[in-house]
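# Inside the fold
So the chains spell out like this:
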Amino acid sequence: MRHLFTSLLFLTALTTQAQHKTILTNTTVIDGTGRAPQSHVAVVISDGKIIAVTRGKLAVSPDDVQIDCTGKFIMPEIIDCHSHVGNLKGTSTSPENYTSENVRRQLAKFQDYGIAAVLSMGTEQPLGIALRDSSKAGQVPGTTFYSAIYGFGVKNAMPPAGIGARIYRPETPAEAIKNVKELATFRPDVVKMWVDDFYGQFKKDQIMKPEIYAAIIKEAHKHNIRVAAHLYHLSDARRLVANGINMMAHSIRDAEVDSSLITEMKKKKVGYIPTLSLDEFAYAYEDSPSWLNDPFFRNSIEPGVYEMITSAAYKEKVSKNPVTAQEKTALKIALKNAARLYRAGILVALGTDAGANPLRAQGFAEHLEMELLVQAGLTPLQVISIATANGARLLQIDSTQGTLQTGKKANFIILDKNPLDDIRNTRTISSVWNNGVKVSDGPVAH
Ligand SMILES: [Zn+2]
């Protein structure tokens, strides 16, 4: 017995010794919690996790790998709580583009842009279910893929058929319940539904009826699945909150939020995903935005998109589109609402709707979203928390990631410039790390 015990001790010692550490020295850490940055610290990583962020003396063994990070800035990887995976290819968005290869390519691209996880909002094809499962099990390279699988819309209305051929479009509460039961067997990470008239393109009676979404929400909750709603109007938001929605997947942007809605959202712990970049992308190329020729942007767009957005025909289409003026006003309201809800203590998480159309560039959109959140009046430090820790809370993965703290996964981005000086410095990606391993040197040209 005593002999066995000694052997076990010896074994444990051996294992500990064999496990080398990675130590990033003399760096500045923005840990995602919202606390002030820690400068001249070392980040010590072992077994894929952060075991210390310290200014103290380091116990370094000969096997340890030390990397000098003088002048660099380390922040957690980004979490995008509203994206779409697999449907976008070139200048088209369609279910035909949804192949394993296309999904994998996009997961790799997201990762190059420093994104740890994306929540794809309800536009999968059947092969996406197994890919989502494998990705969550760590078996697919790239960003981790969470999904609402097949969302809920309205017959001949939202969402337009091009985005997802498998959308449920129940016409009665009983049908909605049946659909949720089926969806639950695929274990969606959330249930997604569309409650909107698409800039007035659909009539009021073509918006999902409250008795339908009430049935979806109730049934989803029976299966312990939270419900996210695509929305636009304050009046819909109010009814959705009253019916138990768990998160808003876009900004309320027809009117400013009021204190009665804020009180209800707080009481019911409703999360808020503003997707501000969606509104800016809708009209940005009427002119030439500052990012147009930045390689960080150019590497994110699909083949053919640059030619499209710089063409005279496209610019004319945008300036003549009556929705353009509405989008500009919508963004102004959305910026105000994001700041107000954040300051009121609502859980605001980053989302983009990246991949829902060719303008919403996967990878770049997330960094533009952070810039817009700063424009809304939040500080870069607050915005980094929204993009990292808050996304992890919304996805309920915050016990293992989202912040750079002892015991959490070593998932982070190393930046060349300080994002607290200018949020656009999140685009100076030097490298991306997942589970303590460098997985990317940043976006690549393709
Ligand atoms: Zn979407």
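Computed from a predicted model, the values in this text were never measured in an experiment.

Conventions adopted
Residues numbered from 1 in each chain as written. Predicted model: local features only at pLDDT ≥ 70, side-chain atom pairs only at ≥ 80, totals over all residues. Pairing = 2+ DSSP bridges. Helix = DSSP H or I, 4+ residues; strand = E, 2+ residues; numbered from the N terminus. Axes fitted to C-alpha atoms, helices over the stretch in contact; angles between N-to-C directions. Domains from an automatic or database assignment. Contact = placed C-beta atoms within 7 Å. Nonpolar A, V, L, I, M, F, W, Y, C, P; charged D, E, K, R; others polar. Parallel < 35°, antiparallel > 145°, perpendicular 65-115°, else oblique. Left-handed = near helix turned anticlockwise from the far one by under 90°. Core = buried A, V, L, I, M, F, W, Y, C linked by C-beta atoms within 7 Å. Buried ≥ 20, exposed ≤ 12 C-beta atoms within 10 Å, placed from the backbone. Expected span 1.5 Å × (residues − 1).

## Description of the sheet that holds strand S10 (residues 144-147)
Taking strand neighbours across the sheet as the criterion, the 3 strands line up as S6-S9-S10 in an open arrangement whose pairing is parallel. Looking at the sheet topology across the chains shown, the edges are occupied by strand S6 (78-83) and S10. Direction aside, neighbouring strands of the sheet carry axes that sit 20 degrees apart on average. Sheet topology places S6 next to strand S9 (residues 115-120); 4 bridges connect them, and they run parallel. Of the residues in S9, the one forming a bridge with Asp 80 is Val 118.

## Topic: the pairing of strand S2 (residues 38-46)
Pairing analysis gives 5 bridges linking strand S1 (residues 22-29) to S2, with the strands arranged antiparallel. Residue pairing across strands places Leu 24 opposite Val 43, the latter belonging to S2. In this structure, S2 lies alongside strand S3 (residues 49-54), joined through 5 bridges in antiparallel fashion. Note on S3: the bridge partner recorded for Val 43 is Val 53. Counted along the chain from S2 to the antiparallel partner S3, the turn is 2 residues long, and its residue Asp 47 has a positive phi close to 55 degrees.

## Quick notes on the sheet that holds strand S12 (residues 227-230)
Taken together, 4 strands build an open sheet; the order of strands is S11-S12-S13-S14 and the sheet is parallel. With one partner strand each, in any of the chains shown, strand S11 (191-194) and strand S14 (271-272) form the two edges of the open sheet. As defined by bridge partners, S11 adjoins S12 across 4 bridges and the pair is classed as parallel. Paired with Trp 194 across the strands is His 230, a residue of S12.

## Concerning the domain arrangement of the protein chain
By domain assignment, the protein chain separates into domain 1 (2-75 + 405-440) and domain 2 (78-394). Using C-alpha coordinates to define each centre, domain 1 is positioned 32 Å away from domain 2. Residue-level contacts link 18 residues of domain 1 with 17 residues of domain 2. Of all the elements in the fold, those that place two or more residues in the side of domain 1 that touches domain 2 are strand S16 (429-434) and strand S17 (437-440). Sort the elements by how many residues they give to the side of domain 1 that touches domain 2 and S16 lands first, with 3 residues. Of the residues that constitute the side of domain 1 that touches domain 2, the class distribution is 9 nonpolar, 7 polar and 2 charged.

## Some details on the packing of helix H6 (residues 234-242) against helix H7 (residues 259-267)
Interaxial distance between H6 and H7 falls to 10 Å at its minimum, and their mutual angle equals 30 degrees. By the angle class used here, H6 and H7 are roughly parallel. Pair H6 / H7 crosses with left-handed handedness. In contact with Ala 237, Arg 238 and Val 241 of H6, H7 contributes Leu 261, Glu 264 and Met 265. Looking at the contact of H6 with H7 residue by residue, the classes come out as 4 nonpolar, no polar and 2 charged.

## Here's the deal with the packing of helix H8 (residues 276-283) against helix H13 (residues 364-375)
Look at H8 against H13: their axes get within 8 Å of each other, and the N-to-C directions meet at 105 degrees. Overall, the two elements H8 and H13 adopt an arrangement that is roughly perpendicular. Side by side, H8 and H13 meet where Leu 276, Ser 277 and Glu 280 of the first sit next to Ala 365, Leu 368, Glu 369, Leu 372 and Leu 373 of the second. Of the residues assigned to the contact of H8 with H13, the class counts are 5 nonpolar, 1 polar and 2 charged.

## Observations concerning the nonpolar core
Soluble globular proteins tend to pack their nonpolar side chains together in the buried interior. Counting 116 residues, the largest nonpolar core has Val 191, Met 193, Ile 216, Val 227, Ala 229 and Met 248 as the members making the most contacts within it. When we break this core down by domain, the ones giving at least three residues each are domain 1 (2-75 + 405-440) and domain 2 (78-394). Listed in part, the 5 residues of the second largest apolar core include Phe 281, Ala 282, Tyr 283 and Leu 359.

## Quick word on H13
Since one α-helical turn is 3.6 residues long, residues separated by three or four positions face the same way. If you check H13, its first and last C-alpha atoms are 17 Å apart, about what 12 residues at 1.5 Å a residue would give, namely 16 Å. Within H13, 10 of the 12 residues are buried, which leaves it mostly tucked inside the rest of the structure. What H13 keeps buried is the set Phe 364, Ala 365, Glu 366, His 367, Leu 368, Glu 369, Met 370, Glu 371, Leu 372 and Leu 373. Lining the buried residues of H13 we find S6, S9, H8, helix H9 (295-298), helix H12 (322-343) and helix H14 (380-394). With its phi angle positive at about 115 degrees, Gly 377 sits one or two positions after the end of H13.

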